[in-house]
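# Structural features, examined
So you can see what is in the structure, the chains are spelled out below.
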Amino acid sequence: MTSDRITRIVDAAESGDSVRARREEPHWREDAGCRGADPAVFFPASELSAVDKARHERTAKLICGNCPVRRQCHDFAAIGPEPYGIWGGMTPTERKRRHRRAQMYRRVRPSEHGR
Ligand code: SF4
């Protein structure tokens, strides 16, 4: 993905235009490591036990760990933001935590981000 494209996606997302942000998205899904995998692994049913959910999460993260488009997948989910499922090898809670950390970093070091 080019830096121009990333900039357009981030600009669109920051302006709240999630439709435009998604339109800018490249077709990274064609290379997804989870193509053909059971979606239930990435989106476990709410009625599953904690043990089964943890097993699904571990399986999904193993698949994501070998995925060539992990970064694109993570960024896509962060922009949404996608409130459910494993994306880019992260749970929703992990994605939120990472996003908060990135925001804090930008506030602490604004000159490195052109602001
Ligand atoms: S990072 Fe995981 S969820 Fe995302 S495309 Fe790759 S395998 Fe699928």
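Note that the structure is predicted; figures quoted are calculated from it, not measured.

Conventions we followed
- Residues numbered from 1 in each chain as written.
- Predicted model: local features only at pLDDT ≥ 70, side-chain atom pairs only at ≥ 80, totals over all residues.
- Helix = DSSP H or I, 4+ residues; strand = E, 2+ residues; numbered from the N terminus.
- Buried ≥ 20, exposed ≤ 12 C-beta atoms within 10 Å, placed from the backbone.
- Contact = placed C-beta atoms within 7 Å.
- Near = placed C-beta within 6 Å.
- Nonpolar A, V, L, I, M, F, W, Y, C, P; charged D, E, K, R; others polar.
- UniProt positions renumbered as here; feature names shortened; annotations may be inferred.
- Core = buried A, V, L, I, M, F, W, Y, C linked by C-beta atoms within 7 Å.
- pLDDT = per-residue confidence, 0-100.

## Details of the overall build of the chain
Broken down by element type, the chain carries six helices and zero strands. Reading the secondary structure of the chain in the N-to-C direction produces α-α-α-α-α-α. Out of the 115 residues belonging to the chain, those deemed buried represent 16%. In the chain, the share of contacts with a sequence separation of at least 24, taken over all contacts with a separation of at least 6, comes to 48%.

## Focus on the site of the ligand
Near the ligand lie 14 residues; those nearest to it are A32, C34, C64, C67 and C73. Among the elements of the structure, α4 (50-65) and α5 (70-79) are those that each provide at least two residues to the shell around the ligand. Looking at the shell around the ligand residue by residue, the class counts come to 10 nonpolar, three polar and one charged.

## Details of the UniProt feature "binding site: [4Fe-4S] cluster" (unreviewed entry) in the chain
If you check UniProt for "binding site: [4Fe-4S] cluster" (unreviewed entry), the listed places come out as C34, C64, C67 and C73 in our numbering. The greatest C-alpha distance among the residues just named is 10.9 Å, despite their covering 40 residues of sequence, which places them together in space. Residue placement: C34 occurs in the loop between α2 (18-23) and α3 (39-42). Those residues in contact with C34 that lie beyond four places of it in its chain are F42, I63 and C67. Looking at the element boundaries, C67 is found in the loop between α4 and α5. If sequence neighbours within four positions are ignored, C67 has contacts with A32, G33, C34 and C73.

## Some points on the environment of K53
Residue placement: K53 occurs in helix α4. Considered as a pair, K53 and F43 are 10 residues apart in the sequence and their alpha carbons are 9.2 Å apart. In this structure, K53 is in contact with P44 and L48, ignoring residues within four places of it in sequence.

## Some remarks on the nonpolar core
Core analysis: the largest hydrophobic core is formed by eight residues, namely A60, C64, V69, C73, F76, I86, W87 and M90. Sorting the residues of this core by element identifies α4 and α5 as the ones contributing at least two each. Excluding anything up to four places from it in sequence, I86 contacts F42, E57, A60, K61, C64 and T91.

## What about the confidence of the model for the chain?
Overall, the prediction assigns the chain a mean pLDDT of 82, with 73% of residues at 70 or greater. Per-element averaging of pLDDT across the chain places helix α1 (residues 3-14) at the bottom with 54 and α4 at the top with 96.

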